[in-house]
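# Remarks on the overall topology
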Amino acid sequence: MTRNLILGTVLSSLVLLAAAVSFLWTPFDHAVMNIPAKLQTPNAQHWLGTDHFGRDLMSMIMVGARTSIAVALVAVGIGMGAGVPLGLAAAARKGSWLDELIMRGNDLVFAFPSLVIAILITAVLGAGAVNAIIAIGIFNIPVFARITRGAALSLWEREFILAARVAGKGAARISAEHILPNVMNLLIVQGTIQFSLGILAEAGLSYVGLGAQPPTPSWGRMLADAQTMVSFAPHLALVPGVAIILTVLGLNLLGDGLRDYLDPKLRVARA
């Protein structure tokens, strides 16, 4: 295992563990306000301090982790669930009207920054975690479609695919039985990258008020709430900021490590 894979796995596991534990236990109720205890710096009782309403930051970070993970995970699932079949179909019908339609649709989506599209969609549909999932998921579709198509095109001329065609298998069956298993490693790596981007997108939407709504904690909204108090309570911004940085860093390192570990050329070199 590479160093990136180990470090990425550790950081990602810590975030997942915090999110899982928050379903069963948090140091304090994240929704309970305690005004006399507001703006406390990290101490023995509140390990990460409290916000301007006296809410425990560690509890909010733990619950916010599951919000970010849920939004990003479902959004990536939407992207893979729709984008992979589109990419396989485009590769199987290379040069046809279907291939052209799918690719031009991808170009149309890629012509606009992802966060701008997400803000536009959530502004039209309304603020909320569900609409944030839809917005992020829509942008993930062309990402997985293009990657799947590119990887599949290189396989359609391989000998084992030609043998499958001679055996009478159709394009759909070949794509499902032969193409998809051979591009799955690439999709897994890309999935970790899109997962980290999904967490950033969710934080960005929540920062502008279009993500998860109160009383559900969100790392992005915690940053937005802290921006006017950074000068006298910097921990309000540092805590969610560091959480986002470590999560995205861990997922990127995990994706980079998986890419190196699953690459057959690198496996041969290591051997």
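First things first, this report covers the structure right here in the doc. (Residues numbered from 1 in each chain as written. Predicted model: local features only at pLDDT ≥ 70, side-chain atom pairs only at ≥ 80, totals over all residues. Heavy atoms only, no water.)

### Some points on the overall build of the chain
Where we set the bar: Labels follow the DSSP assignment, with helices taken as runs of H or I lasting at least four residues and strands as runs of E lasting at least two, numbered in each case from the N terminus. In this analysis, two residues are considered to be in contact whenever any of their non-hydrogen atoms come within 4.5 Å of each other. Exposure was quantified through the Shrake-Rupley algorithm and a 1.4 Å probe, taking into account, for residues, occlusion by the shown protein chains and nothing else.
What the chain contains, in helices and strands, is 10 helices and zero strands. Reading the helices (α) and strands (β) of the chain from amino to carboxyl end gives α-α-α-α-α-α-α-α-α-α. Considering only contacts in the chain between residues 6 or more positions apart, those separated by 24 or more positions represent 68%. In the structure as shown, the chain presents an accessible area of about 13700 Å², 69% of it carried by carbon and sulfur atoms.

### Description of the pattern of salt bridges
Which entries qualify depends on this criterion: Criterion for a salt bridge: a side-chain nitrogen of Lys or Arg within 4 Å of a carboxyl oxygen of Asp or Glu. Relative accessibility thresholds used throughout: buried, under 20% of the residue-type maximum; exposed, over 50%; partly exposed, between the two (1.4 Å probe, protein chains only).
Counted according to the given criterion, the structure contains eight salt bridges. Its salt-bridge partner being aspartate 107, residue arginine 104 comes within 2.7 Å of it at the nearest N-O pair. With arginine 104 and aspartate 107 both in helix H3 (residues 97-110) and three residues apart, the pair spans about one turn of that helix. Assessed through its relative accessible area of 31%, aspartate 107 is described here as partly exposed. For arginine 259, the salt bridge goes to aspartate 256, with nearest N and O atoms at 2.2 Å. Taken together, the residues arginine 259 and aspartate 256, both in helix H9 (residues 235-262) and three residues apart, mark about one turn of the helix. According to the relative accessible area criterion, arginine 259 is partly exposed, its value standing at 46%. When salt bridges that share partners are traced, they join Glu100, Arg104, Asp107 and Arg146 into one network.

### Remarks on the nonpolar core
Note the cut-off: Among buried residues, those of type Ala, Val, Leu, Ile, Met, Phe, Trp, Tyr and Cys that are joined through side-chain atoms within 4.5 Å constitute a nonpolar core.
Membership of the largest hydrophobic core comes to 38 residues, with the highest contact counts inside it found for Trp156, Ile179, Phe195 and Trp219. Counting residues per element, the ones that place at least two in this core are helix H1 (3-22), helix H2 (57-92), helix H5 (129-153), helix H6 (159-166), helix H7 (171-207), helix H8 (219-226) and H9. Residue contributions to this core peak at 10 residues, all from H2. Other than its neighbours up to four places away in sequence, phenylalanine 195 contacts Ile69, Ala72, Leu73, Val76 and Leu251.

### A short note on unusual backbone geometry
Of the consecutive residues proline 214 and proline 215, the connecting peptide bond is found in the cis state with omega at 10°. The topology assignment puts proline 215 in the loop between H7 and H8. A positive phi is found at leucine 39, a non-glycine position, where the angle reads about 55°. As for its position among the elements, leucine 39 is in the loop between H1 and H2. Judged by relative accessible area, which is 26%, leucine 39 ranks as partly exposed.

### Some words on a nonpolar patch on the surface
Definition in use: Surface patches are defined over residues having more than 30% relative accessible area and no salt bridge, joining like charges when they lie within 9 Å and nonpolar side chains (Val, Leu, Ile, Met, Phe, Trp, Tyr) when within 5 Å.
A surface patch of nonpolar side chains, about 550 Å² in accessible area, is lined by Leu120, Val124, Leu125, Val130, Ile134 and Ile138. Positionally, leucine 120 belongs in helix H4 (residues 114-125). With relative accessibility at 55%, the residue leucine 120 sits in the exposed group.

### Concerning the packing of aromatic side chains
Cut-off, in case you're wondering: Each Phe, Tyr or Trp ring (for Trp, its six-membered ring) is paired with any other whose centre lies within 6.5 Å, and the angle between the two planes then decides the class: stacked below 30 degrees, edge-to-face above 60, tilted in between. Geometrically, a charge over a ring is one whose NZ (Lys) or CZ (Arg) sits within 6 Å of the ring centre while staying within 35 degrees of the ring normal.
One pass over the structure, following the stated rule, counts one aromatic pair. Here arginine 66 stacks its cationic end above the ring of phenylalanine 23, 4.5 Å away from the centre of that ring.

### A few points about the packing of H2 against H5
Rule in force here: Fitted lines through C-alpha atoms serve as axes, helices being fitted only where they are in contact, and the angles separating the N-to-C directions of these axes extend from 0 to 180 degrees. When the near helix sits turned anticlockwise from the far one by under a right angle, the crossing is termed left-handed; a clockwise turn instead gives a right-handed crossing. Three residue categories are used. Nonpolar comprises Ala, Val, Leu, Ile, Met, Phe, Trp, Tyr, Cys and Pro, charged comprises Asp, Glu, Lys and Arg, and polar comprises the others, including Gly.
Look at H2 against H5: their axes get within 5 Å of each other, and the N-to-C directions meet at 35°. H5 is crossed by H2, and the crossing has right-handed handedness. For the contact of H2 with H5, the per-class residue count stands at 20 nonpolar, six polar and one charged.

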